[in-house]
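As a plain string of letters, each chain reads:
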Amino acid sequence: MNREERRPERLNRFALSEIIPAPKDFIFFDADKCTGCSGCVVICPMDLWKLREGRARLAEDYREKCMECGSCYIACESGAIDFTYPPGGSGVVYKFA
Amino acid sequence: MESYDLIVVGAGPGGSVAAMTAAEQGLKTLVLERANYPGEKNASGFALSSKGERDFPFLKEVEFPSMRVGRRTQAHFLSPPPEMEERFSMVTTTSRRISYPEGRDYFVKTMYRPELDRYLAERAVQKGAELKLKTLVTGMVWEAGKVCGVRAEGGEEYRAPVVIGADGVMSMTARMAGLREKFGRDEVVSLCTVDYAVPKERADAVIHENCFQTYFAPGFGGLYLIVMADGVHVGGPGVTNSLISRAVRKRVNPAREVLEMINCPPIQRQLTALDARPREWQAHMLPWMDQFNRRIYTGGFMLVGDAAGVPEPLWAEGVWQAMYSGRLAAQVAQEALQEGDTSATSLERYCDRLEQSPVGQEFIAGVQLRQLFEMLGDPVIFDEACDLLVDLSNNMLWNCQEPKAVSINRLFPILFENLPLLMGMLRVYAPILLETGGENLRKRLEMIKGVAAMVSQMTGGEVEA
């Protein structure tokens, strides 16, 4: 592999992560509480939060992409984001952590 | 409903050590783990310091396929972006003054966490603990104001007079036990890692024992490059940008920062030399408390490991701390069960002992040292510090550009010019010295006075004491 191929913009975070999609939701977002501070948008390592019309919005397919780090939950100060874990046996799979 | 003496939630190093300790003491122990195998989930420790073998001698016998012994460590200081080339780098071995033999022998053994976690969980099972995988705990069972069991997602109840929460930084058991809703934005860092596959012969040839390397650049936090037997972790960002509150304030996305910094030429050269191929992307959080967390117990319940916020406050090392706290919690559980009192008052001794233990001791100097590192987060101070290191080494030894006498005469002006920086460092070190070794400090100062008088005599009064 040459240097060019290893450049970070070519590191595809999604291709490099393995996730068993959770059969049900584990992040709960209450748009009424969101103040649009965008903490979650800044912090998410997978860019799963976007700001639309002054409020955060979670990607619909987050269960296939979320690394369960919980940083959105910590970053949110308005209590709009609630995080639990995906059901046992599902979610992110680390083989080389 | 099944009954046990002790239930442990989470089969990471903290949970498994708690379980093996309890099972060894004859307690009927259950471990609940949400993953398909121990180490599959939010595990981020990639190295076990020599403290592990000191305190858990059984680890001496263990060889994991991914294990590499780190007898050297290297720090690389880089120039500002966009160049980001090496300005100063230093390799060090362990200090001969370290107080125990394993610590003199090596810094860390690097390894993949699934190997370590599986081994520890299997050992807990061998000692008699029961391990249930793919089981997420969703509730606590309470009785007379005390935790007396847990409820799994399927509704099953497991009862025990003591429950240990070892479920990591995003501890749901801490929340369910009412100890905290979540860690604060100033108490947690976000870390992202790229794992690369590396041919073992290449890693042996290029890295050998220098498998714990850090890269610092002004304005960036920093990156670590950790080499296992046949893999590399490049991750970060370090101190300055990874605290959630700071990342949000500076609007720095930790993932993008890591991906950008991996691009710097020195890291790329290492990866090229290692023939490294990207294999896995990881993102997780670590607790990074600035004081010892005392909200780690309540009636019938104790927190261990990351869930308790025990990682050391400078480097955020946490695997040994998790194991240490896990063992202590299991010992306290055993005592409390024998006394027939598992109330919060009875379990408070866990917190007291942990605070007095080496785990708690880490917090004394760690927080102040962290401030020193945070000073380096300022691009100007970082640059000054690099200048100092480069000036000293170039003018003391490596100068081939000018007559040696000229460069050696520069040493005093260099030190003088850097007084503000050195004073800044003193501000960090003096309080630690005074708190932990004031007597020692006074002795050394007396010695310096004696030496100064001698120097004065030897130079015939040319240098005044």
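Our structure is the block above this text.
Residues numbered from 1 in each chain as written. Chains lettered and ligands numbered in written order. Predicted model: local features only at pLDDT ≥ 70, side-chain atom pairs only at ≥ 80, totals over all residues. Heavy atoms only, no water.

### As for helix H14 (residues 379-398) of chain B
Selection criterion: Here's how the labels work: a residue is buried when its accessible area is under 20% of the maximum for its type, exposed when over 50%, partly exposed in between, all with a 1.4 Å probe on protein chains only. Strands are runs of DSSP state E lasting at least 2 residues, helices are runs of H or I lasting at least 4, and numbering of each runs from the N terminus. Polar contacts, as counted here, are pairs of nitrogen or oxygen atoms within 3.5 Å of one another; within protein the pair requires one atom able to donate a hydrogen and one able to accept it, and residues that are adjacent in sequence qualify only if both atoms are side-chain atoms.
Listing the buried residues of H14(B) in full gives B:Phe382, B:Ala385, B:Cys386, B:Leu388 and B:Asn395. Where H14(B) starts, the residue carrying a side-chain oxygen 2.8 Å from the main-chain nitrogen of B:Val380 turns out to be B:Asp378.

### Topic: the pairing of strand S2 (residues 6-9) of chain B
All names here are of chain B. Formally: What makes two strands pair is DSSP finding at least two bridges between them.
Of the two faces of S2, the one lined by Leu-6 and Val-8 and the one lined by Ile-7 and Val-9 are each fully buried. Looking at chain direction, S2 and strand S3 (residues 29-32) are connected through four bridges and run parallel. The partner of Ile-7 across the bridge, within S3, is Leu-30. Looking at chain direction, S2 and strand S13 (residues 162-165) are connected through four bridges and run parallel. Bridged to Ile-7 within S13 is Val-163.

### Points about the pattern of salt bridges
Residue and element names in this part refer to chain B. For the record, the criterion: Any Lys or Arg side-chain nitrogen found within 4 Å of a carboxyl oxygen on Asp or Glu counts as a salt bridge.
Under the counting rule described, the total for this entry stands at 40 salt bridges over all chains. The residue Glu-85 makes a salt bridge to Arg-269 at a minimum N-O spacing of 2.8 Å. Taken together, the residues Glu-85 in the loop between strand S6 (73-78) and strand S7 (86-92) and Arg-269 in helix H10 (residues 265-274) connect sequence positions 184 residues apart. We classify Glu-85 as partly exposed; its relative accessible area is 24%. A salt bridge links Arg-279 to Asp-195; the shortest N-O distance between them is 2.7 Å. Pair noted here: Arg-279 is in strand S18 (residues 277-287) and Asp-195 is in strand S14 (residues 188-197), with a separation of 84 residues, a long-range link. Shared partners join several salt bridges into a network, and the residues in it are Arg-71, Arg-72, Asp-105 and Glu-209.

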